[in-house]
Amino acid sequence: IFEVVTKRSLVLLDESLSSTGSYEASYIASEVLGGMLACGCRGIFSTHLHELTSMIDSINEKCTNNGGAKIDTLVAGMEEGQRSFKIIRKKPDGRSYARDIASKYGISLDSILGKIKKNK
């Protein structure tokens, strides 16, 4: 891939590497991001790989010291406990809000047990 990626390229990756464990996926993603930075291309890497967040500073240091570009991080905002879908420039906080989503759709043990009791 890096033979055809240039400074004029835009690479879009959405939940790439999700078919492997998060630790291994984070390692591979850090290598891919490092390669993108070294090429100087622009890109968007949408992911829930929270381990990758802790690697960003070291990836940036390694690549910028070798003349590459820098990773910037963006997150979807929250306002009063609700997703605003506004994109904010900041480091991810490591939350995916899965519990909020599960609760919204009644996917909790308490909710399921209540439905079972109701149907008996």
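Residues numbered from 1 in each chain as written. Predicted model: local features only at pLDDT ≥ 70, side-chain atom pairs only at ≥ 80, totals over all residues. Heavy atoms only, no water.

**Notes on the overall build of the chain**
The following threshold applies: Numbering goes from the N terminus for both helices and strands, where a helix is a DSSP run of H or I of at least four residues and a strand is a run of E of at least two. Radius of gyration means the value over C-alpha atoms here, while the globule rule gives 2.2 Å times the residue count to the 0.38 power. Buried means the residue's accessible area, taken with a 1.4 Å probe over protein chains only, is under 20% of the maximum for its type, while exposed means over 50%, and partly exposed covers the values in between.
Helix and strand counts for the chain come out as five helices and four strands. Reading the helices (α) and strands (β) of the chain from amino to carboxyl end gives β-α-β-α-α-β-β-α-α. On C-alpha atoms alone, the chain measures out to a radius of gyration of 19 Å, which is more than a quarter above the 14 Å that the 2.2 N^0.38 rule sets for 120 residues. Seen through its principal axes, the chain has C-alpha atoms that stretch 65 × 30 × 25 Å. The 120 residues of the chain split such that 26% are buried.

**A look at the environment of Tyr 27**
Residue position: Tyr 27 is located in helix H1 (residues 22–39). As for Tyr 27 and Leu 49, which are separated by 22 residues in sequence, their C-alpha atoms are 9.9 Å apart.

**Focus on the environment of Met 55**
As a reminder, the rule being used: In what follows, a contact means two residues having at least one pair of non-hydrogen atoms within 4.5 Å.
Summarising the element assignment, Met 55 is placed in the loop between helix H2 (50–53) and helix H3 (56–64). For Met 55, a relative accessible area of 21% gives the class partly exposed. With 41 residues separating them along the chain, Met 55 and Ser 96 place their C-alpha atoms 18 Å apart. Not counting the four nearest positions on each side in its chain, Met 55 is found in contact with Ser 26, Tyr 27 and Ser 30.

**Overview of H3**
Note the cut-off: The reported arc concerns the directions from the helix axis to the C-beta atoms and nothing else.
If you check which residues of H3 are buried, you get Ile 56, Ile 59, Asn 60 and Cys 63. End-on view of H3: buried residues confined to an arc of 100°, all on one side of the axis. Projecting away from the buried face of H3 at angles above 90 degrees are the exposed residues Glu 61 and Lys 62. Close packing links the buried residues of H3 with H1 and H2.

**Digging into the confidence of the model for the chain**
Note that predicted coordinates carrying low pLDDT should not be read in detail. Note the threshold: Known as pLDDT, the predictor's confidence for each residue is given on a scale from 0 to 100.
Confidence in the prediction for the chain averages 83 pLDDT; 98% of positions are at 70 or higher. Of all secondary-structure elements in the chain, the lowest mean pLDDT belongs to helix H4 (residues 98–104), at 76, while strand S1 (residues 10–14) reaches the highest, 89.

**Description of the nonpolar core**
Cut-off, in case you're wondering: For our purposes a nonpolar core is just a set of buried Ala, Val, Leu, Ile, Met, Phe, Trp, Tyr and Cys residues, chained together by side-chain atoms within 4.5 Å.
Core analysis: the largest hydrophobic core is formed by 16 residues, its most contacted members being Leu 33, Leu 52, Ile 59 and Ile 71. Elements supplying a minimum of two residues to this core: H1 and H3. Per-element tally for this core: the top contributor is H1, with six residues. Filtering out sequence-adjacent residues up to four positions away, Ile 59 remains in contact with Ser 30, Gly 34, Leu 37, Leu 52 and Ile 71.

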